[in-house]
Amino acid sequence: MFNKVVCTAAAIAALSTSAVAAEKMRISLQLPLTSHLGENLVLFEKEVEARTGGAIDVEIYDSATLYRDKEVPAAVGSGSIEAGVASLTQYVGDAPVVDVFYMPFLFNTEDKVRAAVAEGSVVRTVIEEEVAKTGGEILFWQAYGGAVMLSNGGPIRNPDDLEGKKVRVFGKTLGDFVTAAGGAPTLISGSEQYLAYQRGTVDVGMTGVSGVKSRKLWEVMDTITVTNHADIEFVVVVNTEWFSGLSPEIQGHIRDAAAVAQEDVRNRMSQIEADAFAAAEENGMTIVQLTDEDLAAWKAVAQPVYDSYLAAAGEAGKKILDSVGAGGS
């Protein structure tokens, strides 16, 4: 009987130790789990838990159930949550350089985007250093594709079509672009845009085409204009103090899992966008491509956006623009 009691006590102690050893890593996500960013986080979760042998228990809170996009930087930086997914532009208040991806038509090809987000690139290095000053550090980047415009009753082919219209934007620089083109920007978070379109809060939408599919925006908008005027990047940010408190071995496993997730979503992005365009068409949306003349008209109004970016981002911004051959113009 004594031996049985000892064994039972030992088993309970072992279970207790195991429970204590499991460190929770909560991650806030504004999009549904069915979105490609949600699927990518599930991949990350599986990789982390497998590589750490269950020492890290990842919990994903999707659809902005904990924090909206704009609240994530402060929540992660303060340690209110271990990690979160945010559109990179949500860091523009602390790090104006992040909005380089919203410089009109600067990153309008996949090759340019891949070069900018590559490990060790000037763009990525400068941005990650700036974001790290907020109390959170970028664990990995999540591709979201090029920006498109949404409308009802006809496309937004050129700045004339935007004149006087209220436009949903999700960042300051995108707002500057809309203003330069004659529209009226309205900052609306991703999780709130469906209602904004449904209620007529804005006349024109702006998002990545994958968001059209995951949020079923074809229920409230009927036309997509493929402007591809900006590259949308999301980042998974982890609280620096929490991450630093983990053992080097566990940190390494998490970084390895992050690398797998980052590469997976980047490599699938072209197909994700193609599938989203197809789904939009199947659900009654009209897809409109720009002519060279249309594109030239958009570019002609863009210079003030570059000027504002350089004024806000200073030398760091100039360094980034020079590295991609923009030269600030």
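It should be noted that the structure appears before, not after, this text.
Residues numbered from 1 in each chain as written. Predicted model: local features only at pLDDT ≥ 70, side-chain atom pairs only at ≥ 80, totals over all residues. Heavy atoms only, no water.

Caption draft 1: Layout of helix H5 (residues 122–131). Residues of H5 that are buried include every one of Val 123, Arg 124, Val 126, Ile 127, Glu 130 and Val 131, and no others. Among the structural elements, helix H4 (110–117), strand E4 (136–151), helix H11 (248–282) and helix H13 (303–323) are those in contact with the buried residues of H5. (Buried < 20%, exposed > 50% of the residue type's maximum accessible area, 1.4 Å probe, protein only. Helix = DSSP H or I, 4+ residues; strand = E, 2+ residues; numbered from the N terminus. Contact = heavy atoms within 4.5 Å.)

Caption draft 2: The pattern of salt bridges, seen in detail. Per the counting criterion, the structure on display carries 16 salt bridges. Residues Glu 192 and Arg 68 are paired through a salt bridge, measuring 2.8 Å at the closest nitrogen-oxygen approach. Taken together, the positions of Glu 192 in the loop between strand E6 (184–187) and helix H8 (193–199) and Arg 68 in the loop between strand E2 (56–61) and helix H3 (72–78) put the pair 124 residues apart, joining distant regions of the chain. The class for Arg 68 is partly exposed, based on a relative accessible area of 27%. One salt bridge in this structure joins Arg 268 and Asp 264, with 3.1 Å as the shortest N-O distance. Of the two residues, Arg 268 and Asp 264 both sit in helix H11, four residues apart, roughly one turn of that helix. Among the residues examined, Arg 268 registers a relative accessible area of 30% and is labelled partly exposed. (Salt bridge = Lys/Arg side-chain N within 4 Å of Asp/Glu carboxyl O.)

Caption draft 3: Looking closely at the packing of aromatic side chains. Under the definition given, this model contains seven aromatic pairs. Relative to Trp 141, the ring of Phe 101 lies with its centre 5.8 Å away and its plane at 65°, an arrangement referred to as edge-to-face. Taken together, the residues Phe 101 in the loop between strand E3 (83–87) and H4 and Trp 141 in strand E4 connect sequence positions 40 residues apart. For the pair Phe 101 and Trp 141, one class covers both residues: buried. (Phe/Tyr/Trp six-rings, centres within 6.5 Å; stacked < 30°, edge-to-face > 60°.)

Caption draft 4: Broad picture of the packing of H4 against H11. The N-to-C vectors of H4 and H11 enclose an angle of 165°; their axes lie 12 Å apart at closest approach. Regarding the angle of H4 to H11, the classification is roughly antiparallel. The hand of the H4/H11 crossing is right-handed. Contacts between H4 and H11 pair Glu 110, Val 113, Arg 114 and Val 117 from the former with Arg 266, Asn 267 and Ser 270 from the latter. For the contact of H4 with H11, the class distribution of residues is two nonpolar, two polar and three charged. (Axes fitted to C-alpha atoms, helices over the stretch in contact; angles between N-to-C directions. Parallel < 35°, antiparallel > 145°, perpendicular 65-115°, else oblique. Left-handed = near helix turned anticlockwise from the far one by under 90°. Nonpolar A, V, L, I, M, F, W, Y, C, P; charged D, E, K, R; others polar.)

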